[in-house]
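Remarks on the overall topology
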Amino acid sequence: MSGNGSNQARVLRLDEKDNVLVALADLHKGEIVGYLGNDYSLLSDVPSKHKFLTQDVNAGGEIIMYGVLVGHAVLNLRRGDLLSTRNIRHAAASFHETETVRPPWTPPDVSKWADEAFLGYHRDDGQVGSRNYWLVLPLVFCENRNLAVLKQAFEEELGFAAPQIYRRQVAELARLYREGKSDELKKFAFGETQRASASPRVFQNVDGIKFLLHQAGCGCTHEDARNLCGLLAGYIHHPNVAGVTVLSLGCQHAQVPMLLEEIKCRDSNFKKTILIYEQQKSPSEAAMLSKAIRETFLGMVEADKITRQPAPLSKLTLGLQCGGSDGFSGLSANPAIGYVSDIVAALGGIGILSEFPELCGVEQQLIDRCVRKEVADRFARLMKDYAARAKAVGAGFEMNPSPGNIRDGLLTDAMKSAGAAKKGGTSPVTAAVDYPEYCTEPGLNLQCTPGSDVESVSAQVGAGANVILFTTGLGTPTGNPIAPVLKISTNSSLAQRMPDIIDIDAGGIISGVINIEDMGETILERVIQVASGEARTKAEMLSQDDFIPWKRGVSL
């Protein structure tokens, strides 16, 4: 970060074309802020993470940040004015396909990482998993109750259940109530020393048995049924999965043959064990579940025979995700994981950049990075189709920023998008894939998903991500059933306030104690530890197994 005198760590310009400065600390009305030889008199308080103008802008004039258009002025604005939702509105530059030759990319020096390896689970199809799970999933929400029965039985008896901390707390409260100890009941506090420990694990090489409860599979369009089967097929094909148990009712839209077709699309030589049970063809629910339990257990016995073996970093597929973003996201954590993505791309691995509503306004930059015209054309078409679908239901990308985003400085979707795109680093774009396709092309892949955290992470894992890098400025407790999710905070105050969900603090970039490249290498070192099973993420320790399929159509 560059600056001038005492204000060096207080403001920042992100691109020489910008007409705004970002406050790195709380600034006050009447204060004179110096930056790169210019002085700016603030016309109002400027909270940390927010922006003020470096020049007068007339109503309708452009607001430029990260070197791109992020908004239009609603009023005549003056140099030193605080930007807010009252005086600017969303605006984004148009984009077009390009015939120009992509400039050569200079990758980061990866000599340090060339011979580095992680310990993973090698699958017959050549993929390498960071975890070894047995998966249980329903083809339709009607089977969720049966899934819950299996979940309780397997997790508790095989030692995979999380310690029943809150159950113990309720039991203690009930005991005090039965004993008539009303005063103790009102003052009761459940201490850390009362935490229960987990049961011993039966299988040492199986990381768990995971259950994908969802509310889809019927009452939907054919497209949504096909997309659900495609997403579930991606999880079944995923390298973190050793085998799968599927529960089907029988009459739903998402049919078993449809699921099997989608699996074949991802792996024509599919060899994993897949156990399928259809309730409407079973003599009874109890008979179906009893058979499923026995055969699933036997499948897990086989999965336990697989052990971790060294694998090159080219076998990493990183999901690049943000949620609960703030005004520092595009300055610290996002570019840091973008640097990680560049290293992995240079080594032959895959990075997945999703959340298409949060790429609004930077489409042209990404198009210009595409390695082939067909990749650029497909990305542009997917963006336009998504925008048209949103407009058809009376919405639009401009509605993407949440109240929390806005409070912490992300005022327009284009402003949010410009920072979100930093997660993709600088490497060439090698593929553009629609939901719920699987990513196979080494390099940076653009994947069409919503900006919604859980739907997007669910899609990235369904596309093959074996580790998720998730940046957050406000604090988002999101995880995934089968892929570890590493949470990186954009600011140190969040890491200190919510240490139970944050794995890595990237706030040192804002305070100037570490640069983006060194932070990126720190993150990659943790990725290797997590992928090798040497460390678990906070989301895993909290059993944050979030899974939501993206419903693109209407209910029928």
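Let me begin by describing the structure that accompanies this report.

How each quantity is defined
Residues numbered from 1 in each chain as written. Predicted model: local features only at pLDDT ≥ 70, side-chain atom pairs only at ≥ 80, totals over all residues. Heavy atoms only, no water. Helix = DSSP H or I, 4+ residues; strand = E, 2+ residues; numbered from the N terminus. Rg over C-alpha atoms; globule rule 2.2 N^0.38 Å. Buried < 20%, exposed > 50% of the residue type's maximum accessible area, 1.4 Å probe, protein only. Contact = heavy atoms within 4.5 Å. Areas by Shrake-Rupley, 256 points an atom, 1.4 Å probe, with all protein chains shown as cover. Lys, Arg positive; Asp, Glu negative; His and termini not counted. Charge placed at Lys NZ, Arg CZ, Asp CG, Glu CD. Patch = residues over 30% accessible without salt bridge, like charges linked within 9 Å, V, L, I, M, F, W, Y side chains within 5 Å. Salt bridge = Lys/Arg side-chain N within 4 Å of Asp/Glu carboxyl O. Axes fitted to C-alpha atoms, helices over the stretch in contact; angles between N-to-C directions. Parallel < 35°, antiparallel > 145°, perpendicular 65-115°, else oblique. Left-handed = near helix turned anticlockwise from the far one by under 90°. Nonpolar A, V, L, I, M, F, W, Y, C, P; charged D, E, K, R; others polar. Pairing = 2+ DSSP bridges. Expected span 1.5 Å × (residues − 1). Arc of directions from axis to C-beta. Phe/Tyr/Trp six-rings, centres within 6.5 Å; stacked < 30°, edge-to-face > 60°. Lys NZ or Arg CZ within 6 Å of the ring centre and 35° of its normal.

1. Some points on the overall build of the chain
Broken down by element type, the chain carries 16 helices and 22 strands. The globule rule puts the C-alpha radius of gyration for 556 residues at 24 Å, and the 25 Å found for the chain is close to it. Structurally, the chain occupies a C-alpha span of about 75 × 70 × 50 Å along its principal axes. Counting every position in the chain, which comprises 556 residues, the buried fraction comes to 56%. Put simply, of all contacts in the chain between residues at least 6 apart along the chain, 72% involve residues at least 24 apart. A total of about 23,100 Å² of accessible surface is found on the chain, and carbon and sulfur atoms cover 51% of it. Averaging the coordinates of the 56 positive side-chain charges in the chain and doing the same for the 65 negative ones gives two points 4 Å apart.

2. Details of a nonpolar patch on the surface
A surface patch of nonpolar side chains, amounting to about 310 Å² of accessible area, comprises Val 202, Phe 297, Leu 298 and Val 301. Of note, Phe 297 is situated in helix α6 (residues 285–303). Look at Phe 297 and you get partly exposed, because its relative accessible area is 33%.

3. With respect to the packing of helix α7 (residues 333–346) against helix α15 (residues 516–531)
For the pair α7 and α15, the least separation of the axes is 8 Å and the interaxial angle reads 65°. The pairing of α7 with α15 is recorded here as roughly perpendicular in orientation. As α7 packs across α15, the resulting crossing turns out to be right-handed. Along its contact with α7, which presents Pro 335, Ala 336, Ile 337, Tyr 339, Val 340, Ile 343 and Val 344, the element α15 presents Ile 516, Glu 517, Met 519, Gly 520, Glu 521, Ile 523 and Leu 524. The residue inventory of the contact of α7 with α15, partitioned by class, reads 11 nonpolar, one polar and two charged.

4. Here we look at the sheet that holds strand β5 (residues 51–53)
If you walk across this open sheet you meet the three strands as β1-β2-β5, and the pairing is antiparallel. Each edge of the sheet is formed by a strand with only one pairing partner; in this case those strands are β1 (11–12) and β5. Taken together, the two bridges between β1 and strand β2 (residues 20–23) define a ladder with antiparallel strand orientation. In the strand pairing of β2, Val 11 is matched with Ala 23.

5. Some remarks on the pairing of strand β11 (residues 133–138)
Counting buried residues along β11, six of its six residues qualify, which places the element largely inside the surrounding structure. The side-chain alternation of β11 yields two buried faces, one formed by Tyr 133, Leu 135 and Leu 137 and the other by Trp 134, Val 136 and Pro 138. Sheet analysis places β11 next to strand β12 (residues 208–211), joined by four bridges and oriented parallel. Pairing of Leu 135 across the sheet is with Lys 210, part of β12.

6. A word on the pairing of strand β9 (residues 117–122)
For β9 and strand β15 (residues 309–312), the ladder comprises four bridges, and the chain directions are antiparallel. Following the sheet pairing, Phe 118 is matched in β15 by Ala 311. Where β9 meets strand β10 (residues 128–129), two bridges bridge the pair, whose relative direction is antiparallel. Within β10, the position partnered with His 122 by the bridge is Val 128.

7. Observations regarding helix α1 (residues 144–158)
Look at α1: 21 Å from first C-alpha to last across 15 residues, which is about the 21 Å you get at 1.5 Å a residue. The set of residues buried in α1 consists of Asn 144, Asn 146, Leu 147, Leu 150, Phe 154, Glu 155 and Leu 158. The buried residues of α1 occupy an angular sector of 145° when projected down its axis, which confines them to one face. Of the residues in α1, the exposed ones pointing more than 90 degrees away from the buried face are Arg 145 and Glu 157. Among the structural elements, β11, β12, β13 (241–248) and α6 are those in contact with the buried residues of α1. Downstream of α1 by one or two residues, Gly 159 has phi in the positive range, about 85°.

8. A few points about the packing of aromatic side chains
Applying the stated criterion across every chain yields a total of seven aromatic pairs. A ring pair is formed by Phe 203 and Phe 297, whose centres lie 5.4 Å apart and whose planes are at 50°; its orientation type is tilted. Of the two residues, Phe 203 is situated in the loop between α3 (182–187) and β12 and Phe 297 in helix α6; the sequence distance between them amounts to 94 residues. Overall, the relative accessible area of 5% leaves Phe 203 in the buried class. Pairing Tyr 435 with Trp 550 gives two aromatic rings, centres 5.2 Å apart and planes at 70°, and the pair type is edge-to-face. Remark: Trp 550 occurs in the segment after α16 (538–541) and Tyr 435 occurs in the loop between β18 (429–433) and β19 (443–447); sequence separation between them is 115 residues. By relative accessible area, which is 10% here, Trp 550 ends up buried. Positioned above the aromatic ring of Phe 470, the side-chain terminus of Lys 487 is 5.4 Å from the ring centre.

9. A short note on the packing of helix α4 (residues 222–237) against helix α12 (residues 453–462)
One way to put it is that α4 packs onto α12 with a least axis distance of 8 Å and a crossing angle of 55°. Compared by their axis directions, α4 and α12 come out oblique. Every residue of α12 that contacts α4 at Leu 231, Gly 234 and Tyr 235 is listed here: Val 457, Ser 458, Ala 459, Val 461 and Gly 462. For the contact of α4 with α12, the class distribution of residues is five nonpolar, three polar and no charged.

10. Notes on the pattern of salt bridges
Counted under the stated rule, the structure contains 28 salt bridges. Between Lys 210 and Asp 545 there is a salt bridge, with the nearest N and O atoms lying 3.0 Å from each other. Residue Lys 210 is located in strand β12, and its partner Asp 545 is located in the segment after α16; the two are separated by 335 residues in the primary sequence. Owing to a relative accessible area of 14%, Lys 210 belongs among the buried residues under this scheme. The partly exposed category is assigned to Asp 545, whose relative accessible area is 28%. Ionic contacts of the salt-bridge type, sharing partners, join the residues Glu 172, Arg 175, Glu 179 and Lys 181 into one network.

Any link to function would need more than the numbers given here.
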